[in-house]
Amino acid sequence: MAVVRQPRGLGGRQPLVKQLRRPGAALNERLRKRINRAPSPLLARGVPWLSVMVLSLMPFLPLVASAPIMPPFAFMALLAWRMLRPGMLPVWAGAPLGAFDDLYSGQPFGSAILLWSLAMLVMEIVDVRLRWRGFLQDWALAAALIAAYLVLAAGLANATGGNSPVAAILPQLALSLILHPLVTRLVAGLDRFRLIPISRAPSGLGR
Amino acid sequence: MPPPNDRRPGFSRRAQLGIFTGYVLAVAGALAGLVLVIVAVVDNGSFAFLRRGANEVVAPVGAAGSAARSGSRNVFEKIGDYFDAANKNAALRREVRIARVQQIRMRALAEENHRLKTLLGVVETSRPPVATTRMVASTSASTRRFAVIGAGTNQGVEVRMPVRTALGLVGRVLEVGPNTSRVLLVTDAENVVPLRRARDGIAAFSEGRADGTLRLRLINVGVNPLKRGDVFVTSGSGGIYRPGIPVAQVQSLTPDGAIARILSDPAASEFVIVDRVFQELPDPAATPAPEPAVQ
């Protein structure tokens, strides 16, 4: 029984492209998979935006809740991208992403545009003050930003009618703070995914 | 985490301008957000058209999700059914026997009620529901409690129509799109529902507390007559909800009323029923009706 072993090559990641059709071209193709390959610019640039937008669609999950317990995953992902890859999302990214989130979140339109833009600006300031940060510092920073975001968002929601007590968001706040490392992990996975070398473009994208 | 190195663009004029433009855009975005929030606070219905379009686009995903919700619940229920099946069977038999007797008694009472009502000349207005549809989404992270259902003007849904499940009241329609509508849930703090105690008709009204419970306020302030476990149903005043839809059960007492748990948890319902508005009243906000509604 002949076992055909795939040569592992130079230790690079196995690309997703399938083995090709002609046997003569197979070796060529296999080499070409690793040499002269670059991440697709579309994925490399688009995954951060797309992941935050998909998380904005959380309300459409098969989970209709009668209380605000779900963490603001889209906002948390935005923070995680900003902390993991500073400069990947531009400073102004909070406004368009927030506008998309406002369409589905149930908040008054504009609340996420305002708060997410402010969060991105605060991160810029923090980057100047605290240049080398560990993960615990990032977590503490994210905790502060998420807490401020939730309280201010509840305040804006109350301004449009409704007078929910601040205590109503405490379970949500606790859950969000605990889940921040998990969201960071997810974003790190997406970060690896976006840099898979699949396209032939020789330009070195991806920071 | 190393600090980002793109903050010092060197002598490249283009890079310097790029960074500056980024900051300008970010601040402009924040200011635009502030303006939009103020507009939304002043006029609650603004930007409804944006939400409507957005919901129409994503609603099919939500419909699939809601099917998954009921499906997954059934799996767990099915597994749970195998535990302690014999005892459950016996208990159910006993319950059925009792229920059968009660059913006969209820039928007799309904018959008598009908007869008395005809004697009094009260006209029963029971009309078929407007639509039966799926609940496709609900706000999860916001303190405002909205939901999206999969029926709109094409199915005959209109603003103010009450939405309920077989178990109880869910909310009322707030904004209508072609195939989706936005529902203000009973648990939202803006939703005030006139209620009465099912047993003896003590009048109260409920306000959502945004955490899944309702605050009941009695209309006659005095000694609080409520007890834990009291069930409240809609009273029909206000004209939106027909009387007798179950809403909430008292959980704990407060000086002027109670905190109550809603009976129809939106999380446990896949299908909802959209009813007609109980009594059409002339809407003060709309253009004056050609003839005032006869009460």
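None of these values were measured; they are calculated from a predicted model. Per chain, residues are indexed from 1 in the order of the written sequence. Whichever chain is written first is A, and whichever ligand is written first is 1; the rest continue in order. Local features in this predicted model are restricted to residues whose pLDDT is 70 or higher, and side-chain atom pairs enter the listing and the counts only when it is 80 or higher, whereas totals over whole chains, interfaces and linings include all residues.

**Overview of the overall build of chain B**
Part 1: Only DSSP runs of H or I with at least four residues qualify as helices, and only runs of E with at least two residues qualify as strands; both kinds are numbered from the N terminus onward. If you tally the helices and strands in chain B, you get three helices and 12 strands.
Part 2: Buried residues are those with 20 or more other C-beta atoms within 10 Å of their own C-beta, exposed residues have 12 or fewer, and partly exposed residues lie in between; C-beta atoms are placed from the backbone. The buried share of chain B, reckoned over its 295 residues, is 34%.
Part 3: Residue pairs in contact within chain B that sit at least 24 positions apart in sequence constitute 56% of those at least 6 positions apart. Working definition of a contact: two residues with C-beta atoms, positioned from the backbone, lying within 7 Å.

**What about the overall build of chain A?**
Part 1: The helix and strand tally for chain A stands at seven helices and two strands.
Part 2: If you list the helices and strands of chain A from N to C, you get α-β-α-α-α-α-α-α-β.
Part 3: Sorting the 207 residues of chain A into buried and exposed places 40% on the buried side.
Part 4: When contacts within chain A are restricted to residue pairs at least 6 apart in sequence, those whose partners lie at least 24 apart make up 72%.

**Description of the sheet that holds strand E10 (residues 246-254) of chain B**
All names here are of chain B.
Part 1: Pairs of strands are assigned from DSSP output, requiring at least two bridges between the strands. Spatially, the six strands close up into a barrel ordered E6-E7-E8-E11-E10-E9, and their pairing is antiparallel. Strand-to-strand twist across the sheet, computed as the mean angle between neighbouring axes with direction ignored, equals 40°.
Part 2: Sheet topology note: the strand E7 (residues 203-208)/strand E8 (residues 213-218) ladder contains five bridges and is antiparallel. Within the sheet, the bridge partner assigned to Gly208 lies in E8 and is Leu214. Inter-axis angles, ranging from 0 to 180 degrees, are taken between N-to-C directions of lines fitted to C-alpha atoms, where helices are fitted over the stretch in contact.

**Notes on the interface of chain B and chain A**
Part 1: Taken together, the contact between chain B and chain A spans 53 residues of the former and 56 residues of the latter.
Part 2: Listing elements by their share of the side of chain B that touches chain A, those giving two or more residues are helix H1 (13-42), helix H2 (48-81), strand E1 (131-138) and strand E2 (146-149) of chain B.
Part 3: Following the grouping adopted for this structure description, the nonpolar residues are Ala, Val, Leu, Ile, Met, Phe, Trp, Tyr, Cys and Pro, the charged ones are Asp, Glu, Lys and Arg, and the polar ones are all others, Gly among them. Of the residues contributing to the side of chain B that touches chain A, the split by class is 30 nonpolar, 14 polar and nine charged.

**Things to note about the nonpolar core**
Part 1: Counting 93 residues, the largest nonpolar core has Ala77(A), Val183(B) and Val247(B) as its most contacted members.
Part 2: Here this core gets 10 residues from one element, more than from any other, and that element is helix H3 (residues 73-84) of chain A.
Part 3: In this structure, Val183(B) is in contact with Phe146(B), Ala147(B), Ile149(B), Val163(B), Val170(B), Gly171(B), Arg172(B), Val173(B) and Leu174(B), ignoring residues within four places of it in sequence. We call a set of buried Ala, Val, Leu, Ile, Met, Phe, Trp, Tyr and Cys residues a nonpolar core when their C-beta atoms link them within 7 Å.

**What about the sheet that holds E1(B)?**
Strand pairing in a sheet relies on backbone hydrogen bonds, with the paired strands running either antiparallel or parallel.
Residue and element names in this part refer to chain B.
Part 1: Strand order in this closed barrel of six strands is E1-E2-E5-E4-E3-E12, and the pairing throughout is antiparallel. Along the sheet, successive strands turn relative to each other by an average axial angle of 45°, direction set aside.
Part 2: Note: strand E4 (residues 169-176) against strand E5 (residues 181-185), five bridges, orientation antiparallel. Along E5, the bridge assignment pairs Val173 with Val183.

**A few points about the packing of H3(A) against helix H5 (residues 111-129) of chain A**
All names here are of chain A.
Part 1: Remark: H3 packs on H5, axes separated minimally by 11 Å, with the N-to-C direction vectors making an angle of 25°. In terms of their interaxial angle, H3 and H5 are classed as roughly parallel. Between H3 and H5 lies a crossing whose hand is right-handed. Where H3 approaches H5, its residues Phe75, Leu78, Leu79 and Arg82 are matched on the opposing element by Trp116, Ala119, Met120 and Met123.
Part 2: In terms of residue class, the contact of H3 with H5 is made up of seven nonpolar, no polar and one charged. Any angle that is under 35 degrees is reported as roughly parallel, and any over 145 degrees as roughly antiparallel; angles of 65 to 115 degrees are reported as roughly perpendicular and all others as oblique. Each crossing gets its handedness from the near helix: less than a right angle anticlockwise from the far helix is left-handed, clockwise is right-handed.

**Quick notes on the pairing of strand E9 (residues 231-234) of chain B**
Residues and elements named next belong to chain B.
Part 1: The sheet contact formed by strand E6 (residues 192-197) and E9 spans three bridges and is antiparallel. Paired with Arg197 across the bridge in E9 is Phe232.
Part 2: Where E9 lies against E10, three bridges are found, and the strand directions are antiparallel. Bridge pairing links Val231 to Gln249 in E10.

**Thoughts on H5(A)**
Part 1: To estimate how far a helix should extend, the number of its residues minus one is multiplied by 1.5 Å. Taking 1.5 Å of rise per residue, the 19 residues of H5(A) would be expected to cover 27 Å, and the 27 Å separating its terminal C-alpha atoms lies within 8% of that figure.
Part 2: Taken together, the buried positions of H5(A) are occupied by Ser111(A), Ala112(A), Ile113(A), Leu114(A), Leu115(A), Trp116(A), Ser117(A), Leu118(A), Ala119(A), Met120(A) and Met123(A).
Part 3: The secondary structure elements touched by the buried residues of H5(A) are H3, helix H4 (94-105) and helix H6 (135-159) of chain A together with H1 of chain B.

**Description of H3(A)**
Residue and element names in this part refer to chain A.
Part 1: Here H3 is 12 residues long and its end C-alpha atoms lie 16 Å apart, about the 16 Å a rise of 1.5 Å per residue gives.
Part 2: Residues of H3 that are buried include every one of Phe73, Ala74, Phe75, Met76, Ala77, Leu78, Leu79, Ala80, Trp81, Arg82 and Met83, and no others.
Part 3: Close packing links the buried residues of H3 with helix H2 (41-56), H4, H5, H6 and helix H7 (170-194).

**So, the environment of Thr143(B)**
Part 1: Here Thr143(B) is to be found in the loop between E1 and E2.
Part 2: Here the alpha-carbon distance between Thr143(B) and Pro243(B), two residues 100 residues apart in the chain, equals 28 Å.
Part 3: Residues contacting Thr143(B), with those up to four places away along its chain left out, are Pro68(A), Ala154(A), Ala157(A), Ser164(A), Ala168(A), Ile169(A) and Ala210(B).

**Comments concerning the environment of Pro171(A)**
Part 1: With respect to the secondary-structure elements, Pro171(A) resides in helix H7.
Part 2: For the pair formed by Pro171(A) and Met70(A), sequence separation is 101 residues and the distance between their alpha carbons is 9.0 Å.

**Section: the confidence of the model for chain B**
Part 1: Mean pLDDT over chain B stands at 80; residues scoring 70 or higher make up 82%.
Part 2: In the predicted assembly, ipTM is 0.71 and pTM is 0.73. Each residue carries a pLDDT value, the predictor's own confidence for that position, ranging from 0 to 100.

**Considerations on the environment of Pro181(A)**
Part 1: Structurally, Pro181(A) can be placed in helix H7.
Part 2: Put simply, Pro181(A) and Asp138(A) are 43 residues apart on the chain and 9.8 Å apart in space, counted from C-alpha to C-alpha.

**As for the pairing of E8(B)**
Residue and element names in this part refer to chain B.
Part 1: What sits between E7 and E8 in their antiparallel hairpin is a turn of four residues, with Ala210 showing a positive phi close to 65°.
Part 2: With five bridges connecting them, E8 and strand E11 (residues 257-262) associate as antiparallel partners. The residue bridging Arg215 from the neighbouring strand is Ile259, located in E11.

**A few points about unusual backbone geometry**
Where the residue is not glycine, phi is negative for most of them; where a peptide bond is considered, it is trans in most cases.
Part 1: Located in the positive-phi region is Arg160(B), a residue other than glycine, with phi close to 85°.
Part 2: Tracing the sequence through the fold places Arg160(B) in the loop between E2 and strand E3 (162-164).

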